[in-house]
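Chain by chain, the residues:
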Amino acid sequence: METTASAVQNSQKNLWGGGMEPMKVSYGKLMMWFFLLSDAFTFSALLVSYGLVRYSHAAFTGDPDTFVFSVQYWPIPEKVFDGIPFLHGVHVPLVFVGIMTFVLILSSVTMVLAVEAGHRMDRKGVEKWMLWTILGGIIFLSCQAWEWTHFIVGTGTPTIADAFINGTWVEGFEVLGANLTINQYGPPDFADFFFFITGFHGFHVFSGILINCLVFYNVGLGTYELRGHYEMVEKVGLYWHFVDLVWVFVFTFFYLV
Amino acid sequence: MSIDETSKVVVQPVNKEKVRRIVRVAVILGIVTTFEFVVAFNMHSGPLRTSIFILMTIVKAFYIVSEFMHLKYEKKVLIWTIMIPTIFVIWLIIALIYEGGAIYDSRF
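Remember, predicted model here, so these are calculated numbers, not experimental data. (Residues numbered from 1 in each chain as written. Chains lettered and ligands numbered in written order. Predicted model: local features only at pLDDT ≥ 70, side-chain atom pairs only at ≥ 80, totals over all residues. Heavy atoms only, no water.)

> What is the right way to read the pairing of strand 2 (residues 168–175) of chain A from this model?
In the case of a regular strand, side chains alternate between the two sheet surfaces. Pairing geometry for strand 1 (residues 159–165) of chain A and strand 2 of chain A, over 6 bridges, is antiparallel. By the bridge assignment for strand 2 of chain A, Ile165 of chain A is matched with Thr168 of chain A. (Pairing = 2+ DSSP bridges. Helix = DSSP H or I, 4+ residues; strand = E, 2+ residues; numbered from the N terminus.)

Below, the structure written as structure tokens:
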């Protein structure tokens with residue numbers, strides 16, 4: 001109590017002199033913001049270098065309807081991501097990734113509702129909305145697992161490429177699916193960026209789910225009720241919204257453009 | 001502790017105005033995403049389509065950061081602390097797109 005009182009007195013002299021919060025947010029929340037800012041730089045670097053590498057490759061110039069995969073030019077994304085579970089060989093561009101996007105946005109909405117319930121000290125409400133958020137995250141990750149499998153295994157006619165196989169140069173080599181050195185969709189860089197960008201984002205979703213579970217457990221124990229506030233839910237909420245925000249950008253720059 | 005102490009917690013009623021605002025933002029995000037799909041299926045790719053996508057992305061990002069992450073309601077100094085460093089990202093985009101074009105020219 002004494003320190004608070006002296007801090008208030010100090011504040012009249014110097015807002016930044018210590019003992020109070022000039023930005024009106026707690027230490028933990030401010031540090032979460034700074035962490036997210038630095039994470040935003042990491043993701044920007046990945047996405048911008050995707051742009052650099054894409055612009056330094058040849059683009060497909062013909063009619064989009066006559067598009068075929070080739071290692072000579074960068075693929076049109078909607079021709080690559082056109083699969084949907086249980087419908088083998090049907091061309092439904094971007095629908096599956098659209099569903100994933102929607103699931104992640106909805107899980108962000110349930111997260112804000114959890115924060116709102118936390119402000120009202122409504123433990124039951126926080127539990128309910130946190131659980132929906134965790135479920136949304138798990139659905140998203142499962143969809144991504146399917147998408148990766150589909151991408152790695154590959155479908156349709158193999159693409160003809162020249163490549164080094166075990167140290168020897170093979171011409172007219174048939175490629176189906178994708179790995180880090182060669183893929184059926186386009187230049188090797190295309191699959192590399194797919195794995196790194198969606199993989200790095202997927203890892204963020206994965207850690208988000210773990211942290212959400214931890215916070216959910218603590219909500220259930222009543223830790224935050226005893227503490228008198230649900231700020232931890234707000235902090236993990238910030239992280240979860242950031243993961244959603246990054247996906248909005250990945251969706252645009254990897255799938256749409 | 002617990003039973004006695006925790007039962008003292010008073011649960012306040014749902015803040016209807018706040019929930020309405022959350023739902024409104026969710027609907028806006030849904031509409032923007034649907035609009036992106038309409039554009040993706042009905043327009044041929046080109047600078048105009050790309051600009052529409054980027055604009056829509058910025059709209060979505062604005063709503064997520066300002067409403068969901070609550071940044072709009074924070075102190076101005078915090079808003080600027082987060083916003084100003086993103087200038088570096090804009091610089092990075094311009095620099096690397098330019099550089100990508102240069103690499104393309106030297107290759108083909």
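> What exactly am I supposed to notice about the packing of aromatic side chains here?
How two aromatic rings sit relative to each other is given by the distance of their centres and the angle of their planes. Residue and element names in this part refer to chain A. A complete count under the given rule lists 38 aromatic pairs over all chains for this structure. On the numbers, 5.7 Å between centres and 85° between planes, the contact of Phe67 with Phe69 is edge-to-face. The class of Phe69 is partly exposed, set by a relative accessible area of 24%. (Phe/Tyr/Trp six-rings, centres within 6.5 Å; stacked < 30°, edge-to-face > 60°. Buried < 20%, exposed > 50% of the residue type's maximum accessible area, 1.4 Å probe, protein only.)

> Can you walk me through the packing of helix 5 (residues 123–153) of chain A against helix 6 (residues 188–221) of chain A in this structure?
Geometry of a packed helix pair, given as the angle between the helix axes and the separation of the axes. Residues and elements named next belong to chain A. Closest axis-to-axis distance for the helix 5/helix 6 pair is 9 Å, and the angle between their directions is 155°. Taken together, the axes of helix 5 and helix 6 are roughly antiparallel relative to one another. Here helix 5 and helix 6 pass one another in a crossing that is left-handed. Taken together, the residues that form the contact of helix 5 with helix 6 break down as 22 nonpolar, 9 polar and 3 charged. (Axes fitted to C-alpha atoms, helices over the stretch in contact; angles between N-to-C directions. Parallel < 35°, antiparallel > 145°, perpendicular 65-115°, else oblique. Left-handed = near helix turned anticlockwise from the far one by under 90°. Nonpolar A, V, L, I, M, F, W, Y, C, P; charged D, E, K, R; others polar.)

> Help me understand the interface of chain B and chain A in this model?
A common measure of how large an interface is: the accessible area buried when the components associate. Taken together, the contacts link 55 residues of chain B with 53 residues of chain A. Contact between chain B and chain A buries roughly 4700 Å² in total, counting both sides, with carbon and sulfur atoms accounting for 79%. Area buried by chain B at its contact with chain A is led by Phe37, Phe68 and Met69 of chain B, which between them contribute 13% of it. Taken together, chain B and chain A are joined by 0 salt bridges. (Contact = heavy atoms within 4.5 Å. Buried area = accessible area lost by both parts, 1.4 Å probe. Salt bridge = Lys/Arg side-chain N within 4 Å of Asp/Glu carboxyl O.)

> What is the right way to read unusual backbone geometry from this model?
Phi is mostly negative for residues that are not glycine, and the peptide bonds are mostly trans. If you check the backbone angles, Lys24 of chain A has positive phi at about 60° while not being a glycine. Inspection of the secondary structure assignment puts Lys24 of chain A in the loop between helix 1 (2–13) and helix 2 (27–55). With a relative accessible area of 53%, Lys24 of chain A lands in the exposed category. Its identity is not glycine, yet His70 of chain B carries a phi of approximately 70°, on the positive side. In this fold, His70 of chain B is placed in the loop between helix 3 (47–68) and helix 4 (76–83). With relative accessibility at 33%, the residue His70 of chain B sits in the partly exposed group.

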